[in-house]
Amino acid sequence: MRTFRTTTLTRQGAAVAALCLALCAPGAARASGPVPGGGGGRAAVEDAGAELVVRRAAAAAALRPAGGAGGAPAAGTPPLARPPLGGTPAAGTPPVARPTAGGGGGLEFRACPAVEGLPDPVRCATLRVPLDYARPDGPQISLTVSRLPATGRGGAARQGALVYNPGGPGASGMSFPLLAGRPAWARIAAAYDLVGYAPRGVGRSAPLTCQDPAERPQGPTQVPAEPSAAYKRERLAAARAYAQGCARHAGPALGYYTTLNNARDLDVLRAALGEPRLTFMGASYGTYLGAVYATRHPERVRRMVFDSAVDPDPRRVWYANNLAQAPAFERRWADFRAWAARHHSAYGLGTTAGAVRESYEKVRAAVARTPAGGVVGTGELHAAYLQTAYYDDVWPERAAALAAFLRGDEAPLVRQAARDPDTAERAANATAVYTAVLCNDAPWPGDWETWDRDNTALARRAPFETWANAFLNLPCASWPVSARQSPVDVGAAPGRLPGTLIVAAERDGATPHAGALELQARLGARASLVTEQRAGTHGVAGGRNACVDRHVERYLLTGATPGWRVTCAPHPEPAPVSLDDRAAGASRALLPPAV
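Residues numbered from 1 in each chain as written. Predicted model: local features only at pLDDT ≥ 70, side-chain atom pairs only at ≥ 80, totals over all residues. Heavy atoms only, no water.

*Asks:* Please explain the sheet that holds strand 9 (residues 527-532) as it appears in this structure.
*Replies:* Strand-to-strand pairing in sheets goes through backbone hydrogen bonds, with the strands running parallel or antiparallel. With respect to topology, 10 strands assemble into an open sheet ordered 1-2-3-5-4-6-7-8-9-10, the strand pairing being mixed. Of all strands in the sheet, those bounded by a partner on one side alone are strand 1 (110-111) and strand 10 (565-568). Relative to strand 5 (residues 192-197), strand 4 (residues 160-165) is paired through 5 bridges, and the arrangement is parallel. By the bridge assignment for strand 5, Y164 is matched with G196. Across the sheet, helix 17 (residues 546-558) is in contact with strand 4, strand 5, strand 6 (278-283), strand 7 (301-307), strand 8 (500-505), strand 9 and strand 10; its angle to strand 7 comes to roughly 165°. (Pairing = 2+ DSSP bridges. Helix = DSSP H or I, 4+ residues; strand = E, 2+ residues; numbered from the N terminus. Contact = heavy atoms within 4.5 Å. Axes fitted to C-alpha atoms, helices over the stretch in contact; angles between N-to-C directions.)

Written as structure tokens, this is what we have:
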């Protein structure tokens, strides 16, 4: 299940020629040694190609002037003239750029395209990387990057770039620099360039799609509470068609959307920014990406924040992790209903969690008979109320919508649950990338009998989300890429990884807290875990909880961690009826739902 933060062209000719001979010439790539977590065979060739691209990117960054359009390297470093980067293809076009000029060139930051919706002083660039790292000079794709230079407010010294990945997989971090204006980020933004990017396949970064617009669900959709055998067969056929659609649209590129390639892209971005070591913050799936990077390149890590950690145990990536979400979401769904019951005087939905569930079921039965506003069926209703298991800031509006519907006013429910045509393209893109990365990353059961057995048993104790999650991931059972990857055995060699910081909510549904414990154990004794107790909102840093934010800010500014395991009291629950929960406004903009 998906879940969902953000620098005089003269040159000595001989030096340029020497650099090109060493770093730019096509040919077989060579690495200094095996990359941990990279495996052998083809993966070793890909890693060698990635090292070549990284060296090229670092060389290009070193030749940029201080404070110039491309980055912020040491003062006095002269720039290197180079041809402009290629454009970004439209959604649905094959994600392959020019087949010769190799990846790893420089970043040219300019005013952002209007489509990004990022105002001055945020700047945007594109980063060229190979589609296939085994062919570093083969077909290239362009990743979009955004950046806001460190403000230096209060006399803060610049510490480098802070790169953010919001998870998904399939979410874009391009809006991350906008957080510089929020109070919780002010001191961090004073010291760091805030850098966001859209990973491969996402947004305008070689966009991936698996369906033509006419094939996408239009709504209203009607989903049975307990799927029948016939309905399961229907969804199995739909999953197979979706998987084939991914292959049809992406062609041979489909197998290159993987976490390993995302980690390679991240290393190229680090080098292109002129950063010798990476300062990174990842949320949800972004924590898994960061953990894979840290395993492969511990010596290139400066600081890392893992917010709402995915369980990185390779035995759980990804099938078992998705099964583990169901009971966690069930618990969080119960938290929402208990909250609504405590505020029965405001909503009238019942004085117990069970009574609130009965109110929800009344609404569900009504929209099953007659879709609300002609557009909200049981599928749209479930999707809207699944958000209560992610974010408690939606609790007041969701409770109010149920109450209004039961009084005869369906308008609030329609506003909250109806499909939004303005975001349909983005949602389809996010789902395609999510599916491709998870299906490519690891083996999945190929027989329907295993899926049916496991999810039928799970739904008996966690009915709210089990089958929706199963059907979302079911294309992986018939995924048309034969070479599935083996998940990286995440873990740092003793003494090689600097101190890292994990933050997690105790009752998170999307990334259960056990995942944070597993990640900490694998990262070693210098990994610190901050747990927000008795809370379950997905994504805990960046404005919701002042205690968590103090730990994150102190770590990013000084490198100091608070200890092996520390706790923070929960952030305040939202007030009934009121829709202006202070904490959630910052966090939801930052942390989209992710797996």
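There's plenty left to go through after this.
*Asks:* Would you mind showing me how to read the pattern of salt bridges here?
*Replies:* Note on pairing: side chains with opposite charge can pair once their charged atoms come close. One pass over the structure, following the stated rule, counts 32 salt bridges. Two residues, K232 and D452, come together in a salt bridge whose shortest N-O distance is 2.8 Å. Of the two residues, K232 is situated in helix 4 (residues 229-250) and D452 in helix 14 (residues 448-461); the sequence distance between them amounts to 220 residues. The partner of E573 in a salt bridge is R342, and the shortest N-O contact between them spans 2.7 Å. One end of the pair, E573, is in the loop between strand 10 and helix 18 (582-590); the other, R342, is in helix 7 (residues 319-342), with 231 residues separating them in the sequence. A residue is classified by how much of its surface remains accessible, and E573, at 45% relative accessible area, is partly exposed. For R342, a relative accessible area of 49% corresponds to the partly exposed category. Three or more residues joined by partner-sharing salt bridges are found here, namely R42, E46, D47, D132, R264 and R296. (Salt bridge = Lys/Arg side-chain N within 4 Å of Asp/Glu carboxyl O. Buried < 20%, exposed > 50% of the residue type's maximum accessible area, 1.4 Å probe, protein only.)

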